[in-house]
Amino acid sequence: MRKRRLLFLSSAVATALLAAAASQGIRFREDVYPILEKAGCEACHNPNGVASVTRLQFPEAGSPEARIEEFGDSLRRFVDFADPENSLLLKKPTNRVPHVGGKRIAPGSSDEAVLRAWVRRLATVPSLSAGSQPAPKESPVLRRLTHSQYDNTVRDLLGDIGHPARQFPPEDFVDGFKNQSRAQSISPLLTEAYGAAAEKLAGGAFRGGDARGLIPCRPSSPTDPECRAQFIREFGLKAFRRPLTGGELQRYSALFEKQTDFLEGARIVVETMLQSPNFLFLDPGAAPAPYARASRLSYFLWDSMPDDALLRGAASGELDTPAGLERAARRMLASPKARDAVDEFVSQWLRFDQLMTQLKERRSFPQFNRELALAMTEETRRFVAGLVWDDGNFMELFTANYSFVSADLAALYDLPAPATEFARVTFPAGSERAGILGQGTFLALTSKPAETSPTARGLFIRERFLCQKVPLPPPGTNMNLPPLTEDKPRTNRERLALHLSNESCANCHKLIDPIGYGFEKFDAIGARHEKFRIHFSREEDSDDKPKTAELEIDPKGWVAGLPNAEFASPRELGVILASTPQCQECIVKQLFRYATGRAETAADQPIIQQALDEFRRSNFHFRELMIGIIKYAEFPPEANRQ
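Residues numbered from 1 in each chain as written. Predicted model: local features only at pLDDT ≥ 70, side-chain atom pairs only at ≥ 80, totals over all residues. Heavy atoms only, no water.

1. Remarks on the pairing of strand 1 (residues 402-405)
What you see with strand 1 is no split at all: Y402 and F404 on one side and S403 and V405 on the other are buried throughout. Two strands pair when backbone bridges link them, and strand 1 and strand 2 (residues 423-426) are joined in this way by four bridges, in the antiparallel orientation. Pairing of Y402 across the sheet is with T426, part of strand 2. (Buried < 20%, exposed > 50% of the residue type's maximum accessible area, 1.4 Å probe, protein only. Helix = DSSP H or I, 4+ residues; strand = E, 2+ residues; numbered from the N terminus. Pairing = 2+ DSSP bridges.)

2. A few points about the nonpolar core
Core analysis: the largest hydrophobic core is formed by 96 residues, its most contacted members being F394, F398, L437 and L573. The biggest single contributor to this core is helix 17 (residues 370-389), with nine residues. If near-sequence neighbours (up to four positions away) are discounted, L437 is found in contact with F398, F442, L443, I461, F465, F519, P570, L573, G574 and L577. Within the second largest apolar cluster, 40 residues are counted, among which are I215, F240, V270 and L282. (Core = buried A, V, L, I, M, F, W, Y, C linked by side-chain atoms within 4.5 Å. Contact = heavy atoms within 4.5 Å.)

3. Considering the pattern of salt bridges
For the structure on display, the rule yields 42 salt bridges. Between E326 and K631 there is a salt bridge whose closest N-O contact spans 3.1 Å. One end of the pair, E326, is in helix 14 (residues 322-333); the other, K631, is in helix 26 (residues 622-634), and 305 residues separate them in sequence. According to the relative accessible area criterion, K631 is buried, its value standing at 12%. Between E624 and R330 there is a salt bridge, and its shortest N-O distance comes to 2.9 Å. Taken as a pair, E624 in helix 26 and R330 in helix 14 lie far apart in primary sequence, 294 residues in all. Among the residues examined, E624 registers a relative accessible area of 26% and is labelled partly exposed. (Salt bridge = Lys/Arg side-chain N within 4 Å of Asp/Glu carboxyl O.)

4. Considering the state of the cysteines
Applying the stated criterion across every chain yields a total of two disulfides. The disulfide that involves C217 links it to C227, with 1.9 Å between the sulfurs. Its S-S torsion of about 100° marks the bond between C217 and C227 as right-handed, since a negative value means left-handed. Here C217 is found in the loop between helix 7 (188-205) and helix 8 (225-240), whereas its partner C227 is found in helix 8, with 10 residues between them in sequence. According to the relative accessible area criterion, C227 is buried, its value standing at 3%. Here C467 engages in a disulfide with C586; their sulfurs sit 2.1 Å apart. An S-S torsion of about 80° defines the bridge between C467 and C586 as right-handed. One end of the pair, C467, is in the loop between helix 20 (454-465) and helix 21 (492-501); the other, C586, is in helix 24 (residues 581-596), and 119 residues separate them in sequence. Taken in N- to C-terminal order, the disulfide-linked cysteines of the protein are connected 1-2, 3-4. (Disulfide = S-S within 2.5 Å.)

This is the structure:
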């Protein structure tokens, strides 16, 4: 017996020694990191993931090898050095310790064995990290004008209000917006559209003479060289948002000289400039820094080209300091064009386009039509505009006990008809509506044609108001829910329980479905109901009457990952979101993405944080956030400290 015990102990010691030896030679990037990638850990553990509030943050996509190795070494924070088997790094992904992301690595698997070896290595080998490396700076991005920016620019440049970009191919939404640089390639179809628009715009500009006053001088002859040069120089400054180079002046002069009529020469120059990358792109790299800054400022705050005053500010050096830039921004925010620009941001952020293309089941929702959808977006526009331009606390976006409703919306919301269309109306004390979460815009666009969608509502809140990306379902996942039958009617909560019974679905759906449960008292167009109604239709030639089932609604919801985040109505969730740091920071991130045309990176965190701090100090005034974003994006906090 003693001999057998000694043999057993020797075997255990040998296994431990072999495991220890293996852990010494294990390589993180080659052996461990692929396992974590396969498990999908980085989908939640990133600055915009559902687990963004935890200490574990994966490197950004495309990070260099040294950054990945440094990340592997940093995981020792989750290692129990006294008892490696008790390490969170081992117990969380296997769900031995409750994990919001569920089981990502199967206990007892070969993947777990590799992870265990890495835990042992971290527990026994001193840190080899040379210290945290500074985050790489974001490279400049090439951004073309969006369709709305194109229309606004030709309006301000040529006086044209025909909205030619409405005939362009539709734009794609990436990271929530249409102006993100990585989705702004120019297709052959768009190139053709630009050419046709330029020809039509240039022809219209000089139809019947110089009716729009584009020529700043009176030509003494059809080939007046001084007037020609002045026109090219001044129009080029506005069209390219920077002074023309000497070579450009010569090329456009040569093109002009080929025409025998002055207006025809001006027309051909305008048509050619409107097809140039210097016009179509926000900053193709040729503009001196102050002019490039003027363009970025203008297309953010006005969704259009710089005016003469801003171009003069670029020339004089006014925009070369944070104080000068802020003065220019405050002047611009006083213009009506700033209101239109904020409208454009809001319409993209809240995806008005999805609401306008919604189809609802006619028998269940006969009152829903395009006019009602337009009324919903108008309600939201006026509601947000009041917060922005009256310097309200912008976090009331989620908590306000009032809105701006039309007669049709008042009927939908079971409110008295307003005195005038879209008058401000206060919700009754017992109303469960509040802010954007109680409005038809959100409730209708996150629903299906015939019923609500707790999943879509939860996903919208995660992505739009918490800036958290929920991983996509695994390929081949069956997304269908059990059908509704007369013999066994079920609520959406009961049907969605299927998601939680399937492990491949549960990991993500428990992050989003419970949020949507809290809205189940509001139907697919935003009307409130106490019972969950299911209508079972009949064939047209059937003598049977349609049957309706009414079930009790359980409105209890919660936001996994947030403390004390249980709620049972839009109003209760609004209070939670308004006071949640992640939601406050998300507002900053969404505006940063829109302003810069790209998603934020680790290098941008000081900008985000500084803008967030000022946003909070201002009592969440949105205009102060706009100024903070542009100021710190142009003059990052690190540069200010030098």
